[in-house]
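Geometric and topological summary
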Amino acid sequence: MTSSAIPAVEFRAVSRHFGPPSQPIRAVDQVDLAIAEGSFFAMLGPSGSGKTTCLRLISGFEAPTAGEVRIFGENSGAIPPNRRSVNTVFQDYALFPHMSVRDNVAYGLMVRGVDRRARHARADEMLALVKLDGFGERKPAALSGGQRQRVALARALVNEPRVLLLDEPLGALDLKLREAMQDELKNLQQRLGITFVFVTHDQGEALSMADRVAVFNQGRIVQVGPPAEIYERPATRFVADFVGSSNVLPPERTRALGGPAEWASLRPEAIRLTETGGLRGRVTGARYLGAGTRLTVAAGAPGRPGADEADIAVLVPAGRAVPDVGAEVGLGWDAAALHLMGSE
Ligand SMILES: Nc1ncnc2c1ncn2[C@@H]1O[C@H](COP(=O)(O)OP(=O)(O)OP(=O)(O)O)[C@@H](O)[C@H]1O
Ligand SMILES: [Mg+2]
């Protein structure tokens, strides 16, 4: 990551509302953010939380209702989309079906008046970069989904953007190809040193690829930070719920488990099965996940068996003995594993 004081992209109290002012749809609502140059930034959130609208505000296809979008320190208000040194890879790739792969990739250069030989040479370099050497003559219809995805990437990179916006670029791929492309994209970003802004609703994808993750909910950023911080110290119930599948404990339950009367999260992998744990419960379900088994344990309050039972998820790592459904178990964890958070 390069260390430049001026962020590649900065939002200052940015809102984008749609519809009548009396009943606005707050697609993006009072968002502040700063994306460091050369970093891999992920926007993570459920459907309709404002991610695509944020990308469109950066690319200039959408203008803020309030606030300021700054690109490399400059208020972008007066800069048209084609002068922003920003390019987008769309979810549906948006390739031109009648053009060859090479002409698709060279399109941005053609628009800028680069002559045919030069732009084809450059397109072939980009195709090599995304491991599609020799595919230049084909039409998009003769490619697999993953190959089309690479063409879309090459077509954006040929313009040498300083910021690349990627809107759920891996959504259409199957799991295996998706994971391979995640590694490749991360690798490419590090090699080129371009700022990537990557939109996804897949928390695993955001956590594994990004330097920083912003979690969106209803047009607002509810937490922003490095992946480990988002995962281990969720700021709110929403983040704990959405990022991974943590146990979210209401205040009275946190207190029953020895903490203060506050909302808390407790990760399934932080809980151990014990012979004589303070908290006793009964296994009501087990789901084999390969790398472990996720148990559902109906547990009461300590010292009050059967009272206030609630389901607690427990991850038993592969190789450990897994109790049968119906078995009585004890649960234990380190005090530090109980993470306190806000109630939103
Ligand atoms: N042009 C528009 N007119 C009215 N409402 C809009 C418009 N564009 C977006 N919205 C609304 O703004 C909200 C945010 O939309 P956005 O496309 O940014 O969500 P998203 O996080 O990208 O969702 P997804 O994961 O489904 O792509 C949604 O409620 C959407 O319906
Ligand atoms: Mg979207």
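Model, not experiment: these values are computed from the prediction. (Residues numbered from 1 in each chain as written. Chains lettered and ligands numbered in written order. Predicted model: local features only at pLDDT ≥ 70, side-chain atom pairs only at ≥ 80, totals over all residues.)

Axis separation between helix α2 (residues 101-111) and helix α3 (residues 116-129) bottoms out at 9 Å; the angle between their running directions is 125°. Compared by their axis directions, α2 and α3 come out oblique. Along this stretch, α2 crosses α3, giving a crossing that reads as right-handed. Contacts from Arg102, Val105, Ala106, Leu109 and Met110 of α2 reach α3 at Arg119, His120, Arg122, Ala123, Asp124, Met126 and Leu127. Here the residues of the contact of α2 with α3 are counted per class, giving seven nonpolar, one polar and four charged. (Axes fitted to C-alpha atoms, helices over the stretch in contact; angles between N-to-C directions. Helix = DSSP H or I, 4+ residues; strand = E, 2+ residues; numbered from the N terminus. Parallel < 35°, antiparallel > 145°, perpendicular 65-115°, else oblique. Left-handed = near helix turned anticlockwise from the far one by under 90°. Contact = placed C-beta atoms within 7 Å. Nonpolar A, V, L, I, M, F, W, Y, C, P; charged D, E, K, R; others polar.)

This part takes up the sheet that holds strand β4 (residues 66-71). Across the sheet, which stays open at both edges, the four strands sit in the order β2-β1-β4-β5 with antiparallel pairing between neighbours. Because the sheet does not close on itself, it has two edges, and the strands there are β2 (25-35) and β5 (74-75). Bridge analysis of strand β1 (residues 9-18) against β4 gives five bridges, and the strand direction is antiparallel. Each residue of the ladder has a partner; that of Arg12, found in β4, is Glu68. In the packing of helix α1 (residues 51-59) onto the sheet, the strands contacted are β1, β2 and β4, and the crossing angle to β2 comes to about 60°. (Pairing = 2+ DSSP bridges.)

Moving on: the sheet that holds strand β8 (residues 195-200). The sheet built from six strands is open, its strands ordered β6-β7-β8-β3-β9-β10 with mixed pairing. Bordering the open sheet on either side are β6 (86-89) and β10 (220-225), each of which pairs with just one other strand. Shown here is a sheet whose adjacent strand axes are inclined to one another by a mean of 20°, direction ignored. Examined bridge by bridge, strand β3 (residues 40-44) and strand β9 (residues 212-217) share four bridges and lie parallel to one another. Note that in β9 the partner of Leu44 across the bridge is Val215.

Moving on to the nonpolar core. Formed by 84 residues in total, the largest nonpolar core has its most connected members in Val197, Phe198 and Val215. Of the residues forming this core, the biggest block, six residues, is contributed by helix α4 (residues 145-157). Domain assignment of the residues forming this core places at least three in each of domain 1 (9-241) and domain 2 (245-340). The contacts of Val197, once residues within four sequence positions are left out, are Val9, Ile35, Phe41, Met43, Leu55, Ile58, Val163 and Leu165. (Core = buried A, V, L, I, M, F, W, Y, C linked by C-beta atoms within 7 Å. Buried ≥ 20, exposed ≤ 12 C-beta atoms within 10 Å, placed from the backbone. Domains from an automatic or database assignment.)

As a matter of local geometry, ligand 1 sits amid Phe18, Ile25, Ala27, Gly45, Ser47, Gly48, Ser49, Gly50, Lys51, Thr52, Thr53 and His201. Among the elements of the structure, β2 and α1 are those that each provide at least two residues to the shell around ligand 1. With three residues, the single largest contributor to the shell around ligand 1 is α1. Its residues placed into classes, the shell around ligand 1 shows three nonpolar, eight polar and one charged. (Near = placed C-beta within 6 Å.)

Bringing unusual backbone geometry into the picture now. Of note in the backbone geometry, Lys131 takes a positive phi value of approximately 60° without being a glycine. Its location among the elements puts Lys131 in the loop between α3 and α4. For Lys131, a count of 11 C-beta atoms within 10 Å puts it in the exposed group. A positive phi angle is found at Glu160, which is not glycine, with a value near 50°. Relative to the helices and strands, Glu160 resides in the loop between α4 and β7 (163-167). Looking at Glu160, the number of C-beta atoms within 10 Å reads 12, which means it is exposed.

Attention shifts here to the pairing of β1. One ladder, built from seven bridges, connects β1 with β2; its direction is antiparallel. Looking at the pairing, Arg16 lines up with Val28 of β2. Taking the residues between adjacent antiparallel strands as the criterion, β1 and β2 are bridged by six residues, where Gly19 takes a positive phi near 80°.

Moving on, we come to the domain arrangement of the chain. By domain assignment, the chain separates into domain 1 (9-241) and domain 2 (245-340). Spacing between the C-alpha centres of domain 1 and domain 2 amounts to 39 Å. Between domain 1 and domain 2, the contact holds five residues from the first and five residues from the second. Residues belonging to the side of domain 1 that touches domain 2 are distributed by class as follows: two nonpolar, no polar and three charged.

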